[in-house]
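# Fold and contact review
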Amino acid sequence: MSRWLSLLLLVSAHAYAAPPTEPERMPAERQLVAQFNDVRHSVAGRTSELISTAMGFIGVPYRRGGNSAETGFDCSGFVRAIFDQAKGLALPRRAAEQAAATEIIDKKDLQPGDLVFFNTMRRAFSHVGIYLGDGKFIHAPRSGAQVRVEDMSASYWQRRFNGARRVAQDDVGSPFAATSTQ
């Protein structure tokens, strides 16, 4: 990811300099910029699809052990279903397993589509949601509730925040993609 950030900074810095006219631009530079734009649009599209899929399930009731809109979701079943539908990726079934199978990131580096974990049952990684941006996340909260968006700055979530994780694009087809759906 830092490779893409470096590329972004390079392209951004060049954009603020007096741009050369098109004939002066080197072919390699044009190709690099074109590749960067392709990657940027591809990543934005995948994230947008993930978020819009998740938002489409607002209001679905919570059900312990649930993993479908028809029967209801628990937190990890919700996350698993969203990644399966939007990206074709089968994450592990339980929140702690999802945390173990994904890349650790710092809270300040959260991007839409990342996973956020909370200690809601006196054990680490007992709850999971999908980060939406601007300090908000979507999740299936608890019995009697429905899939909804919440603010991570609320004191309840601040006190229980356990960590952030990223599902890498190259995880498709990884060993956890075949995890059973108990």
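Residues numbered from 1 in each chain as written. Predicted model: local features only at pLDDT ≥ 70, side-chain atom pairs only at ≥ 80, totals over all residues. Heavy atoms only, no water.

### With respect to the side chain of H139
- Following the sequence through the fold, H139 ends up in strand β6 (residues 136–139).
- For H139, a relative accessible area of 0% puts it in the buried group.
- In terms of polar contacts, H139 uses its side chain to reach the side chain of H127, at 2.7 Å.
- For H139, the contacting residues outside a window of four places in its chain are F78, H127, V128, G129, Q146, V147, R148, E150 and W157. (Helix = DSSP H or I, 4+ residues; strand = E, 2+ residues; numbered from the N terminus. Buried < 20%, exposed > 50% of the residue type's maximum accessible area, 1.4 Å probe, protein only. Polar contact = N/O pair within 3.5 Å; in protein donor to acceptor, adjacent residues only side chain to side chain. Contact = heavy atoms within 4.5 Å.)

### A short note on the pairing of strand β4 (residues 115–118)
- Across the two faces of β4 the burial is the same, with L115 and F117 and V116 and F118 all buried.
- Pairing analysis gives 4 bridges linking β4 to strand β5 (residues 127–133), with the strands arranged antiparallel. The residue of β5 that forms the bridge with F117 is V128. (Pairing = 2+ DSSP bridges.)

### Notes on unusual backbone geometry
- For F125, which is not glycine, the phi torsion reads 55° and is therefore positive.
- Among the secondary structure elements, F125 is positioned in the loop between β4 and β5.
- Phi angles above zero are rare outside glycine, and D134 is one such case at about 55°.
- Classification of D134 as exposed rests on a relative accessible area of 75%.

### Some points on the side chain of R165
- Within the secondary structure layout, R165 lies in strand β8 (residues 161–166).
- Although buried, R165 forms no salt bridge, and the nearest oppositely charged side chain, D106, lies 9.7 Å from it.
- From its side chain, R165 meets the backbone oxygen of A99 in a polar contact 3.2 Å long.
- Apart from the residues lying within four places of it in its own chain, the contact partners of R165 are A99, T102, E103, I104, I105, D114, L115, F117 and F125. (Lys, Arg positive; Asp, Glu negative; His and termini not counted. Salt bridge = Lys/Arg side-chain N within 4 Å of Asp/Glu carboxyl O.)

### Notes on the sheet that holds β4
- What the 6 strands build is an open sheet, ordered β3-β8-β4-β5-β6-β7; its pairing is antiparallel. Lying at the two open borders of the sheet, with one neighbouring strand each, are β3 (103–105) and β7 (148–151). Within this sheet the neighbouring strands show an average axis-to-axis angle of 40°, counted without direction.
- Seen against the sheet, helix α3 (residues 75–87) touches β4, β5 and β6 and runs at an angle of roughly 50° to β5. (Axes fitted to C-alpha atoms, helices over the stretch in contact; angles between N-to-C directions.)

### What about the pairing of β6?
- Pairing geometry for β5 and β6, over 3 bridges, is antiparallel. In the sheet register, I130 faces β6, and the bridge partner there is I138.
- From the end of β5 to the start of β6, which pair antiparallel, there are 2 residues, and D134 there has a positive phi angle of about 55°.
- Bridge count between β6 and β7: 4 bridges; the pairing is antiparallel. Of the residues in β7, the one forming a bridge with I138 is V149.

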